[in-house]
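If you want the building blocks of each chain, they are given just below.
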Amino acid sequence: MDKIRTPSLFPQRKKQKGMHPPISLSSCEVKFSELVIFIMERKMGVTRRTFLMELARRKGFRVENELSDSVTHIVAENNSGAEVLEWLRGHKMRDSSRFELLDISWFTACMEAGKPVNSEKKHRLMVKASSFVAGTVSQYACQRRTTLNNCNKKFTDAFEILVENYEFRENEVPCLAFMRAASVLKFLPFTIVRMEDLEGLPCMGGEIRNVIEEIIEEGESSRAKDVLTDERYQSFKLFISVFGVGLKTSEKWYRMGFRTLEEVKADKTLKLSRMQKAGFLYYEDLLSHVSKAEADAVSLIVKDAVWTFLPDALVTITGGFRRGKKIGHDVDFLISSPGLGQEEEEEEEVLHKVIDLWKKQGLLLYYDLIESTFEQAKLPSRKVDAFDHFQKCFAILKLHQQRVDTSSCDASKESDKAEVKDWKAIRVDLVVSPFEQYAYALLGWTGSRQFERDLRRYATHERKMMLDNHALYDKTKRIFLKAKSEEEIFAHLGLDYLEPWERNA
Ligand code: CTP
Ligand code: MN
Ligand code: MN
């Protein structure tokens, strides 16, 4: 490794201890007010940092003790650009393009010159250049490693509002364009601060650039703001927040003149589906996000039940929690076992048995069991967002919560009488797959939705293959490609493997 050499002008931390009496900031006149330096302590140590800060101040540089918005130059020693960025992220400084990231060698040059020197390429800690080339960013999310670290939330939040509005208006083309653009922005390792940052990136059409430009200049998107106050958007948003209510029902209720859930509930002539009734009944619980801890608790319940009937079953958490999300709107599970798929009977049985058990235990608040509709040797579905054919169950489980008793003895007697609700309703999706389709089911149910869309689009357009939650079909060779793991599916598609937490497209 190429260790950064520090000229002898700057003693290393041990030597200089106590050599210079500390001087106060006020005793130094700031000669170069155009730059504000911050020196990172990481891998440098307090003593050496203090020494360097005082030295610079004596020479007329402005050096800050704390990292603040006024900082223009960040100096680090023995840290890579990626390490500095990581550290900055931990300190809530995501917008790394606001300052220069410089190696100690730049600082040394300044001290030697007794004035600021222009930073040259050799001084700059490379972040973009080494790990990021805009022109190589793929238009497909399955060729981008997208973690939950979103540097461009300011933009993607606005995009998501626009996307939703297009969805509510069934305006497919711009909807897709904004979804794809948001996904590209989520992938970027830096924050967009000027329009030039978009150069070379895919999916950045004119419409999208306009929105980005406005957010850069004004700090917010007037279009997104308008949507948020739009009556139709607000009503739809409210309606679909009820489990069992989709676009069709929202449209109907909106046309009937309803604008709030209270108005919907008050109309006794409305025929609600069983699902929607459950949606209203457990509305508050279902609206509040499922935490990771709650997902883990549900996971124990699911495993316990499944293993009672199928001891060798694989029970895997899928969806957002498998991608590392800390919250979700539900908890998704995939169930399979080496025996499943051999004998029809057993495959159909396990989910029924689990449901019966939960019913007896009083844990099942709602369920909708959908039997498998899979036919052998069927070609993968052409439709990108199509439902799969697995046997599945959309359920609401009663999750008992540990009561945190903060009340005194007297008060707890009172609360016993009032019967405090000590459980939370949680949405749970259970999917059962034949064992030989397990890898495809896992890949399909891990998401994200944008990742899945792009994976299918990539298979179709780049490989002449058809992919769905059951299988991969090679249209050229006219064969189904078997896979035991997700890695094998990526390999069949000629893609580098992406871990679940890199699929947050
Ligand atoms: N999925 C699917 N078929 C369905 C429903 C979902 O293939 N009928 C897949 C989607 O690809 C999705 C994943 O299952 O990515 C999980 O779906 P969902 O729970 O809706 O989304 P999450 O990513 O888990 O997000 P959340 O945290 O909000 O639950
Ligand atoms: Mn989910
Ligand atoms: Mn789900």
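Since this is a predicted model, take the numbers as computed values, not measurements.

K.L.:
Quick question: what am I supposed to make of the UniProt feature "binding site: Mg(2+)" (unreviewed entry) in the chain here?
P.N.:
With numbering aligned to this structure, UniProt lists the feature "binding site: Mg(2+)" (unreviewed entry) at D330, D332 and D429. These annotated residues cover 100 residues of sequence, but their C-alpha atoms sit close together, with the largest distance between any two at 7.3 Å. Using a relative accessible area of 6% as the deciding quantity, one classes D330 as buried. With near-sequence residues (within four places) excluded, D330 lies in contact with V290, F321, R427 and D429. If we skip the residues at most four places from it in the chain, D429 touches D330, V331, D332, F333, C393, F394 and W445.

K.L.:
Can you walk me through the packing of aromatic side chains in this structure?
P.N.:
Aromatic ring pairs are described here by two measures, namely the spacing of the ring centres and the angle between the planes. Counted under the stated rule, the structure contains 16 aromatic pairs. On the numbers, 5.9 Å between centres and 25° between planes, the contact of Y166 with F178 is stacked. Of the two residues, Y166 is situated in helix α5 (residues 153–168) and F178 in helix α6 (residues 172–187); the sequence distance between them amounts to twelve residues. Grouping residues by exposure puts Y166 and F178 together as buried. Taking 6.2 Å as the distance between ring centres and 70° as the angle between the ring planes, the aromatic pair formed by Y282 and W423 counts as edge-to-face. Here Y282, found in the loop between α12 (274–281) and α13 (283–287), pairs with W423, found in strand β11 (residues 423–432); they are 141 residues apart in sequence, far enough to count as distant. W423 shares its class with Y282; the two are buried. Put simply, the rings of F168, Y233, F236 and Y254 pair up and form one aromatic cluster. It is K421 that lies over the ring of W423; its NZ or CZ is 4.6 Å from the centre.

K.L.:
Teacher, can you tell me more about the sheet that holds strand β4 (residues 100–103) here?
P.N.:
By definition, the strands of a sheet pair up through backbone hydrogen bonds, in either a parallel or an antiparallel sense. Pairing in this open sheet of four strands is parallel, and the strands run β2-β1-β3-β4 from one edge to the other. In this open sheet, the two strands that pair with only one neighbour each are β2 (61–64) and β4. Geometrically, the sheet is characterised by an average inter-axis angle of 35° between neighbouring strands, direction not taken into account. Inspection of the sheet shows strand β3 (residues 73–76) paired to β4 by four bridges, in the parallel sense. The residue of β4 that forms the bridge with A76 is D103. Each of β1 (32–39), β2, β3 and β4 touches helix α3 (residues 104–113); the most contacted strand, β4, lies at about 80° to it.

Rules used throughout
Residues numbered from 1 in each chain as written. Chains lettered and ligands numbered in written order. Predicted model: local features only at pLDDT ≥ 70, side-chain atom pairs only at ≥ 80, totals over all residues. Heavy atoms only, no water. UniProt positions renumbered as here; feature names shortened; annotations may be inferred. Buried < 20%, exposed > 50% of the residue type's maximum accessible area, 1.4 Å probe, protein only. Contact = heavy atoms within 4.5 Å. Phe/Tyr/Trp six-rings, centres within 6.5 Å; stacked < 30°, edge-to-face > 60°. Helix = DSSP H or I, 4+ residues; strand = E, 2+ residues; numbered from the N terminus. Lys NZ or Arg CZ within 6 Å of the ring centre and 35° of its normal. Pairing = 2+ DSSP bridges. Axes fitted to C-alpha atoms, helices over the stretch in contact; angles between N-to-C directions.

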